[in-house]
Every structure is written in structure tokens, then in C-alpha cells.
Amino acid sequence: MAWAELVFDLLGVFFFAVSGSLLAAQRQFDVVGSLLLGTLVGLGGGILRDVILDAGVPRAFDSPIYLVPPVVAAVVVYFFAHVVHRFHDVLITFDAAGMALFCITGTLVSLAAGMNPVASAILGLMTAVGGGVIRDVVANDVPQIFRARGLYAIPALLGAALTSLLASVGWLNLGTGAAIAALVFALRMVSLRYGWEAPPAGEQTHEQTSDT
């Protein structure tokens, strides 16, 4: 899984970076702002994970190859933003793809660092959603994880938990990893399509307010 993990990680960086550059284009940022926002979302979750793991220099800075996907994403969006904006929810689609890959790679990195399976799954979740939160906060937007429409953290946590479980029993390989990523991506997109939502934080309070 070593080379596959790197490929998954770089693809996740690219997908997340595209979502950041697309948001920058929507907000009419310049190309520097697009590159910066794409880099923040593509690398932010992994950097947070590596800092928590106390793993030395985060791999985003230790391996220059991680800086390539954000640059490619900014260039792609610069030339093709007018095309992709014709399609509905392109940003969310790239965000979901990045999340599906990062919940796997974030968990694997944590397991390799010696974390227990539960902690590794939690760090996998943080890797998957951290960059998106940074992107939306910097762009002064409501983070996807806090929006009522669709499921976000739940698919990422499910993917991280399955990755941790299968890795612990020795069943994780390229095929099962790809299946987990596909499941997470599908659950995220289907939840958006049909308006699935997590239970509200305070249903009684909401009902009382409505009655009043």
C-alpha cells in the first residue's frame, strides 16, 4: 500500500486544491489567492495531523512533490473555470473526492506513527475535514461540515473507521481501500442528492422556538 497511499494522498491534495481554487474563482480572487486557497485546503488537514502526531516536519513540507498538486489545480481552474461553472456543485464534488481519499491516508499515516486504531480513525477524520474547514473560514464562507444539507463528517468518520479496522486485521489493500473511498464519496453525494441530514443539535429547542 506504500505507493498506493502516496497516489491517494496526492490525488486527495489535488481534488481539495481544485475545490479551493474554484471557491477563489467564485469569490473573484486573483490567481495568487487561488493558489493560496488551494494550497491551504489541499495541505491543511495533513499538516494539522502531522503536528498532532509530533512527526517532525510535516510531509507537505518535507516532500516537495506535495506542492505540485495545488499548482496544477490553480492552473486548471484558471483556464477552465468558465467551463466547470456550468455544472452544478462541481466544488462540492471535488471536495467529496478529496475527503474520501484523505480519510483513508490520514488514518494510515496515524497507524504508521504508532497511534491506536480509534485515535487513528479520529485523526483520519480530522485530516479529511480539516482542510475544507480552513478553506471556507479563510474565504468567509460557512464550512461544509456545519451546513445542514447533506452528510459530511459521518461519511468521513465511516471511511476512517473502516480503514482502521481493515488495516488492523490485515485486510486493507488497494482494492479494499478504493472500495472505502468509493463508499465515502457515494454516501456524501447521495446524501446531498436526497437531502439527508444528521440529527439537529437541539430539536426540542427548535420546536419550542417555532411554537413561540
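Fair warning: this is a prediction, and the values are worked out from it, not measured in the lab.

> Explain the layout of surface pockets residue by residue, including any values.
In this structure, the largest pocket encloses a volume near 210 Å³. Residue lining of the largest pocket: 13 residues in total, with Ile145, Arg147, Ala148, Gly150 and Ala198 positioned closest to the centre. Each residue belonging to the lining of the largest pocket can be placed in one class, and the counts come to ten nonpolar, one polar and two charged.

> Break down empty space enclosed by the protein for me, with residues and values.
Applying the stated rule across the entire model yields one cavity of 30 Å³ or more. The space that makes up the largest cavity amounts to roughly 80 Å³. Around the largest cavity, the lining is made up of 13 residues, and of these Asp9, Gly46, Arg49, Arg59 and Tyr66 lie nearest the centre. The leading source of residues in the lining of the largest cavity is helix 2 (residues 31–53), at six residues.

> I'd like to hear about the nonpolar core, residue by residue, with values.
Counting residues in each nonpolar core, the largest one holds 27 residues, and the members touching the most others are Met99, Ile104 and Ala128. Elements supplying a minimum of two residues to this core: helix 1 (2–26), helix 2, helix 5 (90–112), helix 6 (117–138), helix 7 (153–169) and helix 8 (174–194). Tallying contributions element by element places helix 5 first for this core, with seven residues. Excluding its chain neighbours within four sequence positions, the residues that come into contact with methionine 99 are Phe16, Ala128, Tyr152, Pro155, Ala156, Val184 and Arg188. In terms of nonpolar packing, the next biggest core, distinct from the first, is built from twelve residues, Leu22, Ala81, Leu91 and Ala139 among them.

Rules and cut-offs
Residues numbered from 1 in each chain as written. Predicted model: local features only at pLDDT ≥ 70, side-chain atom pairs only at ≥ 80, totals over all residues. Heavy atoms only, no water. 1 Å grid on protein atoms, 1.4 Å probe; cavity = no way out; pocket = protein on both sides within 12 Å on 5 of 7 lines; lining within 4 Å. Points joined across faces, edges and corners; volume = space filled by probe spheres on them. Nonpolar A, V, L, I, M, F, W, Y, C, P; charged D, E, K, R; others polar. Helix = DSSP H or I, 4+ residues; strand = E, 2+ residues; numbered from the N terminus. Core = buried A, V, L, I, M, F, W, Y, C linked by side-chain atoms within 4.5 Å. Buried < 20%, exposed > 50% of the residue type's maximum accessible area, 1.4 Å probe, protein only. Contact = heavy atoms within 4.5 Å.

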